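Structural overview for review
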Amino acid sequence: MAEDQGRGRRRPLEDEQPSTSHEGREEPRAKIFKGPSDPRREGSRGDPRAGPSATAPPERPESEQPSEAGSSGQGKRDGAGAGAEGRTDRRARYDIVATRPADVVTKKGSDGVPIRLQSNFFRLKTVPEWRIVHYHVEFEPPIENIRVRMGILSDQSKFLGAGYLFDGMQLFSVRKYPQDLTVLRVKSKLGTDYTITIKFVGFISTSETRFLQVLNLILRRSMKGLKLELVGRNLFDPHAKISIREFQMELWPGYETSIRQHEKDILLCTEITHKVMRTETVYDILRRCSQNPSRHQDDFRMNVLDMIVLTDYNNKTYRINDVDFGQTPKSTFSCKGKDISFVEYYLTKYNIRIRDHNQPLLISKSRDKAQKANASEVVVLIPELCRVTGLTDSMRSDFKLMRAMSEHTRMNPDRRIDRLRRFNHRLQTTTDSLKVLKDWNMDLDQNLIEVQGRIISPQKIVFSDQKYAQVMPIELYHKTVFDSRVSAGDTGDWTRYFRDQRMLTTPSDGIDRWAVIAPERNSYDLKNLMENMFRAASGMGLRIKTPHELKIYDDRTATYIRAMDDCARMDPKLILCLVPNNNADRYSAIKKRGYVDRAVPTQVVTIKTAKNRGLMSIATKIAIQINCKLGYTPWMVEVPLSGLMTIGFDIAKSTRDRKKAYGALVASMDLQQNSTYFSTVSECSAFDSLSNNLWPMIAKALRQYQREHHKLPTRIMFYRDGVSPGALKQLFEFEVKEIVEKLDAEYKRANCGPPMLAYIVVTKSMNTRFFNNGRNPPPGTVVDDVVTLPERYDFYLVSQQVRQGSVSPTSYNVLYSNIRLSPDQIQKLTYKMCHLYYNWSGTTRVPAVCQYAKKLATLVATNLHAIPQNALEKKFYYL
């Protein structure tokens, strides 16, 4: 936002936008290991379920879930309960998707300055020949109740050994029993005789999904000794909570952990995390919305839909999918063959007395079930029993709140390292935790793992030569050395060079036909802004002529829209709107009129920005942004390859219709020949990570490239963002295959040689961290060994300078590659692409085409809710 431009130098440049006995107990849900289909039939469950028109109480608390039957067969269930994330998503975390191309001999690069780093991983040390053994267990006569099976088997702990896991049918242990088929004859506490058959199935390979599941269950059981509480899927320490009373919230410190086979060792990744717990409940939100009786139902829905809530009585999180105003806590449902109201249920079950018997009910449906048209299972929640978690958009835009939170959550590397070491020490000195690890013949290294990284050399930023700015073709900038080539430096920031350099490309005739709309009362502010912008633009080689000014006498949205329609008669190249504040409706209306109804780039600037003391700096950034919105570029990097197209793709969900999402694709048109880009948007489903319209978007970009260069690109680097971990397998098996097949067909039709493609998944939400002697590693740091995954062609890249907190590297996973580039070349090219985001004169966390795609998808999904005009496809109108 232009407003953000005045707050600090490190902010990216943005357009203005608002911001007993075992046998008598009821059967719970058991942990099921992913594997062959389970032939057994589960018994009836105590949790009543209901269809869309009925009701059901929330799920049972953790204490009522079965254990994985350790040495004593007792304890709580490991892992998070079903809730906001759903069981399918939880399993997807442990999926091992082999995506490494078969012809890749090595994924390790060698160029760059070596750097020794530490990472937030601990090595899991095991005895030689350590392995997990898999058994199949059957009971005769058959037992339908899973808890009964677990309880009866737990009585045989002397034979089974100290450490094992049992889910009701499958048994996992580190012991190989003497016989492949073991038969035990036992008697239950009620005197019933049973025959237990334990059949050896085999040893679990480290490449199997179940291997990861078992490892993580062992770790979770060990962590229980630390007396942490399970909230969702992670463990938090409520006794160490941090109260921020001013904003009615608490921060619960905790840990996100995962354990899996990495390149050479089994490693435990540990990340320090915090859970935002607001002290208000959903009922508090309901009361606030009730102050407007005519709209309270719509307002309440708008405020709570898609919200994640926590129920204190079972420490589970749920996503609110709907609100049922037709039912209240006095409504009844069927439980164990009789009708009972929610008021009675909670009183007898949890000794909780519901105060308001007339409040509506909240509906939560598991995310994976929500995608099925015939889904019928729901969980019903009571507003006053649901604590609100997370932050709203208004909270995120509250500078004081975010600063108060950052004092506790934004930890510098040395502080983070200390917290990690203390966690390791607690885990290894707590008796209960240590016993679990020893039972499984495991030992955790006390030191953070060390990795060898490399620092890619700082890149050269290419500006226009002042003397030959108007006559030199752009392709010569890549063949001749000029004084205008400056180094991005060790910090990856070249802001200081703008006052002395000209932008790479600008309109040859300058900006000669454009309009400004501003309130009459702010004429002085407009004049001041224009004078500073003319002066700043002139120094960067951009000539801006006096605009057509249209004064308005009120700041209503309709007035701005009428003024834009009046300006459209002069066919302006751009319209700048000076607005009094960040009103979201007005902003959306201006953008929609400019990009959907018309094809005119718009620039929105607030009065507050125009009055900022650092107006010259802000005016400089606005001039750069206007130049970009007309299709020109302020700088470039040295690109060693010709015929290269880089593509970025991302998806954003619609804020108006939760079933819709918009996918945006941005492609470069051979950055060695010209510095232009192409963008396109399509509508897709919000429930599917795969975009059905992806190939048509790629085809449009290829045809645009062909129009400009009279040939198809030689190489294509496709950076795919917006992929959840659970969608990687589907993406690899369907989307990548489709793109490769259709690319081949497209090139054959054009009588071109086979296309060379690299399909790379970009992941920002990673728990991996790197430290350099208690500091953050510098931009350009690459890690492609030790903490990477053996089944992938992947690497980590730190591309940004971070002055506060710990830097988060970005993960790049090459799913497909026949591009004939070495690992070094792919890593360097990816780093170069992080220098080309024109809203910020510094490096970005992801390649610029990904950042552009995210920016465009978010604009359409949040403000436009419609596809922009095709005439804008060659302009950065979305900046």
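Each value, and the rule that gives it
Residues numbered from 1 in each chain as written. Predicted model: local features only at pLDDT ≥ 70, side-chain atom pairs only at ≥ 80, totals over all residues. Heavy atoms only, no water. Helix = DSSP H or I, 4+ residues; strand = E, 2+ residues; numbered from the N terminus. Expected span 1.5 Å × (residues − 1). Buried < 20%, exposed > 50% of the residue type's maximum accessible area, 1.4 Å probe, protein only. Axes fitted to C-alpha atoms, helices over the stretch in contact; angles between N-to-C directions. Parallel < 35°, antiparallel > 145°, perpendicular 65-115°, else oblique. Left-handed = near helix turned anticlockwise from the far one by under 90°. Contact = heavy atoms within 4.5 Å. Nonpolar A, V, L, I, M, F, W, Y, C, P; charged D, E, K, R; others polar. Pairing = 2+ DSSP bridges. Core = buried A, V, L, I, M, F, W, Y, C linked by side-chain atoms within 4.5 Å. pLDDT = per-residue confidence, 0-100. Salt bridge = Lys/Arg side-chain N within 4 Å of Asp/Glu carboxyl O. Polar contact = N/O pair within 3.5 Å; in protein donor to acceptor, adjacent residues only side chain to side chain. Phe/Tyr/Trp six-rings, centres within 6.5 Å; stacked < 30°, edge-to-face > 60°.

The subject of this paragraph is helix 5 (residues 209-223). A rise of 1.5 Å per residue sets the reference length of helix 5, with its 15 residues, at 21 Å; its end C-alpha atoms lie 21 Å apart and thus fit the reference within 8%. By the criterion of burial, helix 5 is predominantly enclosed, with 15 of the 15 residues buried.

Moving on to the packing of helix 14 (residues 523-539) against helix 18 (residues 615-629). At a closest axis distance of 8 Å, the pairing of helix 14 and helix 18 adopts a crossing angle of 65 degrees. Classified by the angle their axes make, helix 14 and helix 18 are roughly perpendicular. For helix 14 against helix 18, the interelement crossing comes out right-handed. Between helix 14, through Asn528, Leu529, Asn532, Met533, Arg535, Ala536 and Ala537, and helix 18, the contact on the second element is made entirely by Leu615, Met616, Ala619, Thr620, Ile622, Ala623 and Ile626. Along the lines of polarity and charge, the residues of the contact of helix 14 with helix 18 split into 10 nonpolar, three polar and one charged.

Position of Gly510 among the secondary structure elements: in the loop between strand 22 (485-487) and strand 23 (514-519). Put simply, Gly510 and Asn627 are 117 residues apart on the chain and 9.4 Å apart in space, counted from C-alpha to C-alpha. Those residues within four positions of Gly510 in sequence are excluded, and the remaining contacts are Arg543 and Lys573.

Bringing the sheet that holds strand 22 into the picture now. Pairing is antiparallel across the open sheet formed by three strands, whose spatial order is 22-21-27. Either end of the sheet is taken by a strand with one partner, and the two such strands are strand 22 and strand 27 (636-637).

Attention now moves to the nonpolar core. Core analysis: the biggest nonpolar cluster contains 93 residues, and Met533, Leu836, Tyr838 and Tyr852 have the highest contact counts within it. Residue contributions to this core peak at 11 residues, all from helix 22 (residues 848-864). Beyond its immediate sequence surroundings of up to four residues, Tyr852 is in contact with Val666, Tyr677, Leu836, Tyr837, Tyr838, Phe876, Tyr878 and Leu879. Residues Phe172, Ile417, Leu427 and Phe771 belong to the second largest nonpolar core, which totals 37 residues.

To continue, consider the confidence of the model for the protein. Here the protein shows a mean pLDDT of 83. Residues at 70 or above account for 86%. For the protein, helix 1 (residues 2-5) is the element with the lowest average pLDDT, namely 37, and strand 34 (residues 781-783) is the one with the highest, namely 97.

Taken as a whole and judged by the stated rule, the model has 44 salt bridges. A salt bridge links Asp565 to Arg598, with the nearest nitrogen and oxygen atoms 3.1 Å apart. Taken together, the residues span a long stretch of sequence, with Asp565 in helix 15 (residues 557-568) and Arg598 in the loop between helix 16 (584-597) and strand 26 (602-606) at a distance of 33 residues. Looking at Asp565, the relative accessible area reads 22%, which means it is partly exposed. Judged by its relative accessible area of 34%, Arg598 is partly exposed. Across the salt bridge formed by Glu683 and Lys660, the nearest N and O atoms sit 3.9 Å from each other. Separated by 23 residues along the polypeptide, Glu683 in strand 30 (residues 677-685) and Lys660 in strand 29 (residues 660-668) bring together distant segments of the chain.

Looking now at the side chain of His865. Looking at the secondary structure, you find His865 in the segment after helix 22. Here His865 falls in the buried class, since its relative accessible area comes to 14%. Polar contacts involving the side chain of His865 include one to the main-chain carbonyl oxygen of Thr862, which spans 3.1 Å. The residues touching His865, leaving out its near neighbours within four places in the chain, are Ser654, Thr655, Arg656, Tyr662 and Val860.

Turning to the packing of aromatic side chains, a few remarks are in order. Here the structure, examined in full by the defined rule, presents 31 aromatic pairs. Consider the rings of Phe300 and Phe325, whose centres lie 6.2 Å apart with planes at 75 degrees: the pair is edge-to-face. Here Phe325 lies in the loop between strand 14 (322-324) and strand 15 (332-335) and Phe300 lies in helix 7 (residues 296-304), a separation of 25 residues in the sequence. You can call Phe300 buried: its relative accessible area is 0%. Using a relative accessible area of 22% as the deciding quantity, one classes Phe325 as partly exposed. Each ring, one from Phe333 and one from Phe342, has its centre 4.9 Å from the other, and the planes form 45 degrees; the classification is tilted.

Close contact between helix 16 and helix 22 brings their axes to 9 Å; oriented N to C, the two are set at 115 degrees. Helix 22 is crossed by helix 16, and the crossing has left-handed handedness. Where helix 16 abuts helix 22, its residues Tyr587, Ser588, Lys591, Lys592, Tyr595 and Val596 lie against Leu859, Thr862, Asn863 and Leu864. Residues belonging to the contact of helix 16 with helix 22 are distributed by class as follows: five nonpolar, three polar and two charged.

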